[in-house]
Amino acid sequence: MSQPASAYFLEERHDPNETHTLSVLVANEPGVLARVIGLFSGRGYNIESLTVSETESQKHVSRITIVTTGTPMVIQQIKHQLDRMIPVYQVVDMTLTGKSIERELAMVKVKGAGDQRIEAMRLAEVFRARVVDATNESFVFEITGGTSKINQFVDLMRPIGLVEVSRTGVAAIGRGPKEM
């Protein structure tokens, strides 16, 4: 059975997904984070990374840094919806400004003995990861940098004896003397 004909020509769109880092200044009050996250979950948007912290205690302002993925239209919609929320002071797409620094911190636990320990230490030195805990059977490395650097370090530790990873999520700030 064939589909009924339509009077409207519907163009099928295949916009590529993009990853964007959004920096959101909000009032530091109970329930604000839940409302921001509710906006994402209620509309089926995914959050790749989320960090939150009070940045100006005198003004009671917190910064929420969200890394999300979507089509350009979806990213634009997310920004507009965040901007309309009452406790939100400002929304900046750090990806579009092109003048931002993004960093993440991870703690990586690796077990191993003999050559595996030597290889883990060698790789940690190359990636400028530092040992924050060591036993006869394992290490915990602390590494900071961009998400891709941390992903690469974790991938290299897998065959050596990766046990677990704890990550902070992305923190971002604009370059230069101006505020967000």
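Residues numbered from 1 in each chain as written. Predicted model: local features only at pLDDT ≥ 70, side-chain atom pairs only at ≥ 80, totals over all residues. Heavy atoms only, no water.

Caption draft 1: The arrangement of the overall build of the protein chain in detail. Counting its regular elements, the protein chain contains five helices and nine strands. The C-alpha radius of gyration of the protein chain comes to 21 Å, more than 25% above the 16 Å expected for a compact globule of 180 residues. Seen through its C-alpha atoms, the protein chain measures out along the principal axes to roughly 70 × 60 × 30 Å. Taken across its 180 residues, the protein chain has 36% of its residues classed as buried. If you take every contact in the protein chain between residues at least 6 apart in sequence, the share linking residues at least 24 apart comes to 72%. Carbon and sulfur atoms form 52% of the exposed surface of the protein chain, whose accessible area is close to 11,700 Å². Separation of charge centres in the protein chain, based on 20 positive and 21 negative side chains, amounts to 4 Å. (Helix = DSSP H or I, 4+ residues; strand = E, 2+ residues; numbered from the N terminus. Rg over C-alpha atoms; globule rule 2.2 N^0.38 Å. Buried < 20%, exposed > 50% of the residue type's maximum accessible area, 1.4 Å probe, protein only. Contact = heavy atoms within 4.5 Å. Areas by Shrake-Rupley, 256 points an atom, 1.4 Å probe, with all protein chains shown as cover. Lys, Arg positive; Asp, Glu negative; His and termini not counted. Charge placed at Lys NZ, Arg CZ, Asp CG, Glu CD.)

Caption draft 2: Layout of helix H2 (residues 72–84). With 13 residues, H2 extends 19 Å from end C-alpha to end C-alpha; this agrees with the ideal 18 Å at 1.5 Å per step. What H2 keeps buried is the set Val74, Ile75, Ile78, Lys79, Gln81 and Leu82. Buried residues of H2, seen end-on, are gathered within an arc of 165° and therefore sit on one face of the element. In this structure, H2 carries Met73 and Arg84 as exposed residues pointing more than 90 degrees from its buried face. Turning to H2, the residues buried within the fold contact strand E1 (18–27), helix H1 (32–43), strand E3 (61–70), strand E4 (88–93) and helix H3 (94–97). (Expected span 1.5 Å × (residues − 1). Arc of directions from axis to C-beta.)

Caption draft 3: Local environment of the side chain of His20. Relative to the helices and strands, His20 resides in strand E1. What His20 contacts, discounting residues up to four positions off in sequence, is Ile66, Val67, Thr68, Ile75, Asp93, Thr95 and Leu96.

Caption draft 4: Seen up close, a nonpolar patch on the surface. Taken together, the side chains of Leu33, Leu50 and Val52 present a nonpolar region at the surface, about 210 Å² in accessible area. The residue Leu33 is located in helix H1 in this model. Judged by its relative accessible area of 36%, Leu33 falls in the partly exposed class. (Patch = residues over 30% accessible without salt bridge, like charges linked within 9 Å, V, L, I, M, F, W, Y side chains within 5 Å. Salt bridge = Lys/Arg side-chain N within 4 Å of Asp/Glu carboxyl O.)

Caption draft 5: Structural view of H1. Between its terminal C-alpha atoms H1 stretches 17 Å, which fits the 16 Å expected from 12 residues at 1.5 Å a residue. For H1, the set of buried residues is Val32, Val36, Leu39 and Phe40. What you see down the axis of H1 is that its buried residues fit within an arc of 90°, all on one side. Among the exposed residues of H1, those pointing more than 90 degrees away from its buried face are Ala34, Ser41 and Gly42. Packing partners of the buried residues in H1 comprise E1, strand E2 (46–56), E3 and H2. Following H1 by one or two positions, Gly44 adopts a phi angle in the positive range, close to 75°.

Caption draft 6: Spatial organisation of the sheet that holds E1. Across the sheet, four strands lie side by side as E2-E3-E1-E4; this open sheet has antiparallel pairing. A single partner strand is all that each edge strand has here, and the edge strands are E2 and E4. Here the average twist between neighbouring strands, direction ignored, is 20°. Alignment of E1 against E4, held across five bridges, turns out to be antiparallel. Among the inter-strand pairings, Val26 is bridged to a residue of E4, identified as Val88. Relative to E2, H1 is tilted by about 160°, and along the sheet it contacts E1, E2 and E3. (Pairing = 2+ DSSP bridges. Axes fitted to C-alpha atoms, helices over the stretch in contact; angles between N-to-C directions.)

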